Amino acid sequence: MVEPKIVVDGVNYFYGSFQSLCNITMEVPPRSVTVFFGPAGGGKSTLLRLINRLNDMVENTRMTGRVLLDGQNIYDPGANVPNLRRRVGMVFALPLPLPGTVRENVTYGLKLAGCRDRGRMEETLVRSLTQAALWDEVKDRLDNPANSLSGGQQQRLCIARSLALEPEVLLLDEPTSGLDPISTRKVEESLNYLKKLYTIIIVPHSVQQAARVADQAAFMLMGDLIEFRPSAEIFTTPADSRTEGYITGRFG
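Model, not experiment: these values are computed from the prediction.

What counts, and where the lines are drawn
- Residues numbered from 1 in each chain as written.
- Predicted model: local features only at pLDDT ≥ 70, side-chain atom pairs only at ≥ 80, totals over all residues.
- Heavy atoms only, no water.
- Pairing = 2+ DSSP bridges.
- Helix = DSSP H or I, 4+ residues; strand = E, 2+ residues; numbered from the N terminus.
- Expected span 1.5 Å × (residues − 1).
- Buried < 20%, exposed > 50% of the residue type's maximum accessible area, 1.4 Å probe, protein only.
- Arc of directions from axis to C-beta.
- Contact = heavy atoms within 4.5 Å.
- Polar contact = N/O pair within 3.5 Å; in protein donor to acceptor, adjacent residues only side chain to side chain.
- Axes fitted to C-alpha atoms, helices over the stretch in contact; angles between N-to-C directions.
- Core = buried A, V, L, I, M, F, W, Y, C linked by side-chain atoms within 4.5 Å.
- Salt bridge = Lys/Arg side-chain N within 4 Å of Asp/Glu carboxyl O.
- Phe/Tyr/Trp six-rings, centres within 6.5 Å; stacked < 30°, edge-to-face > 60°.
- Lys NZ or Arg CZ within 6 Å of the ring centre and 35° of its normal.

Chemist: Requested: an account of the pairing of strand E4 (residues 61–69), with residues and values cited.
Modeler: By the bridge criterion, eight bridges tie strand E1 (residues 6–15) to E4 in an arrangement that is antiparallel. Within E4, the position partnered with Tyr15 by the bridge is Thr61. Inspection of the sheet shows E4 paired to strand E5 (residues 72–73) by two bridges, in the antiparallel sense. Looking at E5, one finds that Leu68 is bridged to Asn73.

What follows is the structure in structure tokens.
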């Protein structure tokens, strides 16, 4: 039996007096694509951010329950949060390349970590851009400004920047919401390759995208986890009428 990479165990989360997540429990298997989908306001992005503790920066919030990474509670008082964020990378909806060149964007994290080995940085540059399905498009433009790339290329650059630090988990929050169909397809194709190497969790921008990329999917509604099942089951024979209603477009 494959051990889960991430376990969410009885998680409740509050913004002030508002409860955003209600007793969420799930096990995320390694080296696969897990999708959190459902209507806006369901708690998908909140749950995603809890997995690398980004919500630590939000005031007047509280959480009960546990989030485990390889069996260790990431919310233990002694947890090393900077190390956690190296292990669990995050890519947001809006591409946010750093000022500077394509090369500088990808190697930024390594330099910040103290790496001065040019050979290692070059190897990381090629590996990360290749894994993000961007190398062939930018290999002759590495010293061009990152903001000269198209929107879809910038998003894949942000994925490459996360991959440069060799995370174990990659979180993506609606990474194609602002992209055209061709760029969206390229990002989705890169996920199909990346899941062989990383555990990926994504909040998709549509039900159709969820069905295309997911190995397993969690349907979330108003802070509740309605069902969490393999993709082939949840999108064809959902167990709950609310899931079926959302997938078929009767609400949402």
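Chemist: If you had to explain helix H7 (residues 181–194) to someone new, which residues and values would you point to?
Modeler: End to end, H7 covers 20 Å across 14 residues, agreeing with the expected 20 Å (1.5 Å per residue, within 8%). Buried residues of H7: Ser183, Thr184, Val187, Glu188, Ser190, Leu191 and Leu194, and no others. Down the axis of H7, the sector holding all buried residues measures 155°, keeping them to one side. The exposed set on the far side of H7, more than 90 degrees from its buried face, consists of Pro181 and Ile182. Looking at the buried side of H7, the elements it contacts are strand E3 (33–37), helix H4 (118–131), helix H6 (151–163), strand E7 (169–173), strand E8 (199–203) and helix H8 (207–213). Sitting at the amino-terminal end of H7 is Asp180, which places a side-chain oxygen 3.0 Å from the backbone nitrogen of Ile182.

Chemist: For the sheet that holds strand E9 (residues 216–221), give the residues involved together with the corresponding values.
Modeler: Reading across from one edge, E6-E7-E8-E3-E9-E10 is the order of the six strands in this open sheet, with mixed pairing throughout. Whereas interior strands pair on both sides, the edge strands pair on one side only; in this sheet they are strand E6 (88–91) and strand E10 (224–230). Between one strand and the next, the sheet's axes are offset by a mean angle of 15°, whatever the strand orientation. On top of the sheet, H6 reaches E6 and E7; it is set at about 165° to E6, its chief contact. Strand contacts of H7: E3, E7 and E8, with the helix running at about 150° to E8, the strand carrying the most contacts.

Chemist: Explain the nonpolar core residue by residue, including any values.
Modeler: One recurring pattern in soluble globular proteins: nonpolar side chains tend to sit buried together. One finds Val35, Phe37, Leu129 and Ile159 to be the most contacted residues of the largest nonpolar core, which totals 40 residues. Top element by residues in this core is H6. It accounts for five residues. If sequence neighbours within four positions are ignored, Val35 has contacts with Ile202, Pro204, Ala210, Val213, Ala214, Gln216, Ala217 and Ala218.

Chemist: Account for the pattern of salt bridges, naming residues and giving values.
Modeler: Going through the model one piece at a time under the given rule, you end up with 16 salt bridges. Of the charged contacts in the structure, one is a salt bridge between Arg103 and Glu122, with a shortest N-O distance of 3.0 Å. Remark: Glu122 occurs in helix H4 and Arg103 occurs in helix H3 (residues 102–112); sequence separation between them is 19 residues. Between Arg103 and Asp143 there is a salt bridge, and its shortest N-O distance comes to 3.0 Å. Residue Arg103 is located in helix H3, and its partner Asp143 is located in the loop between helix H5 (135–138) and H6; the two are separated by 40 residues in the primary sequence. Using a relative accessible area of 25% as the deciding quantity, one classes Arg103 as partly exposed. Salt bridges linked by common partners bring Lys5, Asp70, Arg87 and Glu168 together as one network.

Chemist: Describe the packing of aromatic side chains, with residues and values.
Modeler: The way to describe two aromatic rings as a pair is by their centre distance and the angle between their planes. Tallied over the full model, the rule gives five aromatic pairs. Summarising the aromatic geometry, the rings of Phe37 and Phe235 are spaced 5.1 Å apart at their centres and angled 35° between planes, so their arrangement reads as tilted. Note that Phe37 is positioned in strand E3 and Phe235 in the loop between helix H9 (231–234) and helix H10 (241–247), a separation of 198 residues in sequence. Phe37 gets classed as buried once you look at its relative accessible area, which sits at 2%. Between the aromatic rings of Phe37 and Tyr246, the centroid separation amounts to 6.1 Å while the plane-to-plane angle is 40°, which identifies the pairing as tilted. Residue Phe37 is located in strand E3, and its partner Tyr246 is located in helix H10; the two are separated by 209 residues in the primary sequence. The burial state of Phe37 is the same as that of Tyr246; both residues are buried. Cation over ring: Arg62 sits above Phe14, and NZ or CZ is 4.0 Å from the ring centre.

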